[in-house]
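Residue strings, one per chain:
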Amino acid sequence: MQRFIEGLPKAELHLHIEGTLEPDLKFTLAARNGVSLPAGSVEEMRAAYDFDDLSSFLSVYYEGMSVLVTEDDFYDLTFAYLGKAHSQGVLYSEIFFDPQAHTSRGISFDTVIRGIRRAQEDGEAKLGIRTQLIMCFLRDMSPESAAETLTRSLDYKSWIVGVGLDSDERGNPPIKFSQVFSDAREAGYRLTMHCDVGQDDSVTHIWQCLNDIGVERIDHGVNSLEDARLVDEILNRNLTLTVCPISNSYVAGDTQASQIRQMLNLGMRVTINSDDPAYFPGYMTENFIVVQREADLSKSDLVRLSRNAFEAAWIDESERAGYVAALEAYAIA
Ligand code: ADE
Ligand code: ZN
C-alpha cells in the first residue's frame, strides 16, 4: 500500500505556501536577512510547534513569516515546496498565498507574487510540475483590507486563478466577506473558503459558503456531515471538500479518517491535502498513508481520492483528461 501511495499521481488543492517553510530554510533566510529567531536550533524550533488548536497554530505560522523579506525568499520557499511535491508524485498543485500577512509587515504585493511566480515557472520548466495560485484573504482582518488586496491583485490577474479565505475563523463568518467575494467573482476569480474543523458555528459557516457566497469548494468542511440537508446540498452542487488529515490531528484532535471514509461512502467529492506541511509534518504521501491506515482504504478508494482532486482542479478539460489518463494507467498497471 505504501508503495502504491508513493507512486499514485496526485493533485494538491489545499496548500498554504507559507506553511511549507521548513525550519532549516527558516534559519537560512533568517541569517540572510539578519532576522533573529526565538529558537536556537531546528530541534528547539520543532519542539515549540506544540499547537493544539487553530489559533495556537496561527500565531506560530505568522511569527515564522518574519524571515520572508525579498523576492528571492519567496522564490526559495516556493521552489523547495515544488521539489518536495514533485518527489511525491504531485503532478498539479493549487497553491494558497496570504498577501496581507506580508503587506501588513511592509513587504510589497509585487515582491511576494513575483518570487512565487518565478518559482512556479521554474517548477514547470525544470520539474514538470504544474501549479496555479489562489490568493487568500485573512478573515481576521477587515473586509476593507480584503477589498484593497483584491484591487491590488488585479495587476496580476492572469497569475491568480481564484480567491480563498483563511486565518482565524472565530467571530469571522463567511458573510463578513460577501461583497469582496462577489467582486472577486465579477473579476473572474474562482471561489473557495476555509471552514476549519470544529469551529464555533462550523455548520452555519458552511451554509453561508453555499447560500451567501456561492463557493465551488470548501477547504476542510468536515462538519458538514453533522447536517444531512447540508450533505444533500453539497452533493447536489457537486462541491469539493479539501480535507487535511495530519493538519486535523493537530488542530482538531484526530485525522478525521472515519469522516473521510463516510464522505467517500456518501459519494462526496473529498480530497486529501497537506495544508501546512512544515508545521503539521507530512506532505501528500504521508497524508494519504495515515488515512489509508486509519480508515482501511482500498486501492480503489485511494484512486477515487486522487481522481476527485483532478476533477475539482481549476483547469481546462484537455489538461484534466491528461491527468486522469495518467491516474487510470497507474491504477490498472
Ligand atoms: N492559514 C494557514 N493554514 C490555515 C488553516 N489550516 N486554517 C486557517 N487558516 C490557515
Ligand atoms: Zn488551510
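Structure shown above.
Residues numbered from 1 in each chain as written. Chains lettered and ligands numbered in written order. Predicted model: local features only at pLDDT ≥ 70, side-chain atom pairs only at ≥ 80, totals over all residues. Heavy atoms only, no water.

**Student:** Looking at this structure, how should I read the pattern of salt bridges?
**Tutor:** Under the criterion given, the structure shown has 21 salt bridges. Notably, a salt bridge pairs Arg152 with Asp155, separated by 3.1 Å at the nearest N-O pair. Classification of Asp155 by relative accessible area gives exposed; the value is 63%. Glu311 is the partner of Arg304 in a salt bridge, and the nearest nitrogen-oxygen pair spans 3.3 Å. Given the relative accessible area of 34%, Arg304 is considered partly exposed. Judged by its relative accessible area of 30%, Glu311 is partly exposed. Where salt bridges share partners, they join Asp110, Arg114, Arg152 and Asp155 into one cluster. (Salt bridge = Lys/Arg side-chain N within 4 Å of Asp/Glu carboxyl O. Buried < 20%, exposed > 50% of the residue type's maximum accessible area, 1.4 Å probe, protein only.)

**Student:** Quick question: what am I supposed to make of the coordination of the zinc ion (ligand 2) here?
**Tutor:** Ideal donor angles around a metal are set by the shape: a four-donor tetrahedron calls for 109.5 degrees, a six-donor octahedron for 90 or 180 degrees. Here the zinc ion (ligand 2) is held by the protein donor atoms His14 (NE2), His16 (NE2), His194 (NE2) and Asp275 (OD), which lie 2.0 to 2.3 Å from it. Every donor counted, the four donor atoms about the zinc ion (ligand 2) form angles of 85 to 176 degrees at the centre, which fits irregular coordination. In primary sequence terms, the donor set of the zinc ion (ligand 2) follows H-x1-H-x177-H-x80-D. Taking the relative accessible area as the measure of exposure, His14 reaches 0% and is therefore buried. Overall, His16 belongs to the buried group, its relative accessible area being 4%. (Donors = N, O, S within 2.8 Å, 3.2 Å for Na, K, Ca; no water. Tetrahedral: all angles 85-135°; square planar, octahedral: opposite > 155°, others 65-115°.)

**Student:** Just checking my understanding: could you explain unusual backbone geometry for this structure?
**Tutor:** Glycine aside, residues mostly have negative phi, and peptide bonds are mostly found in the trans state. Positive phi values are uncommon outside glycine, yet Asp201 reaches one of about 60 degrees. Topologically, Asp201 is positioned in the loop between strand S5 (190–195) and helix H10 (202–213). Phi is positive for Asn238, close to 55 degrees, though the residue is something other than glycine. Within the element layout of this structure, Asn238 appears in the loop between helix H11 (228–237) and strand S7 (240–243). (Helix = DSSP H or I, 4+ residues; strand = E, 2+ residues; numbered from the N terminus.)

**Student:** For this particular structure, what's the right way to read the pairing of strand S4 (residues 160–166)?
**Tutor:** A regular strand places its side chains so that they alternate between the two faces of the sheet. The element S4 is extensively covered by neighbouring structure, given that seven of its seven residues are classed as buried. Sheet topology places strand S3 (residues 130–138) next to S4; six bridges connect them, and they run parallel. The partner of Cys136 across the bridge, within S4, is Gly164. Between the parallel elements S4 and S5, the chain passes through helix H9 (residues 178–186) in a crossover that is right-handed. (Pairing = 2+ DSSP bridges. Right-handed = clockwise from strand over helix to strand, strands pointing away.)

**Student:** So what exactly am I meant to see when it comes to the nonpolar core here?
**Tutor:** Buried together is how nonpolar side chains tend to be arranged in soluble globular proteins. If you look at the biggest cluster of nonpolar residues, it comprises 105 residues, and the most contacted ones within it are Phe57, Phe97, Phe137, Phe181 and Ile218. The contacts of Phe57, once residues within four sequence positions are left out, are Phe51, Val251, Asp276, Tyr279 and Phe280. Counting five residues, the second-largest nonpolar core is a separate cluster that includes Phe96, Ile134, Cys136 and Val161. (Core = buried A, V, L, I, M, F, W, Y, C linked by side-chain atoms within 4.5 Å. Contact = heavy atoms within 4.5 Å.)

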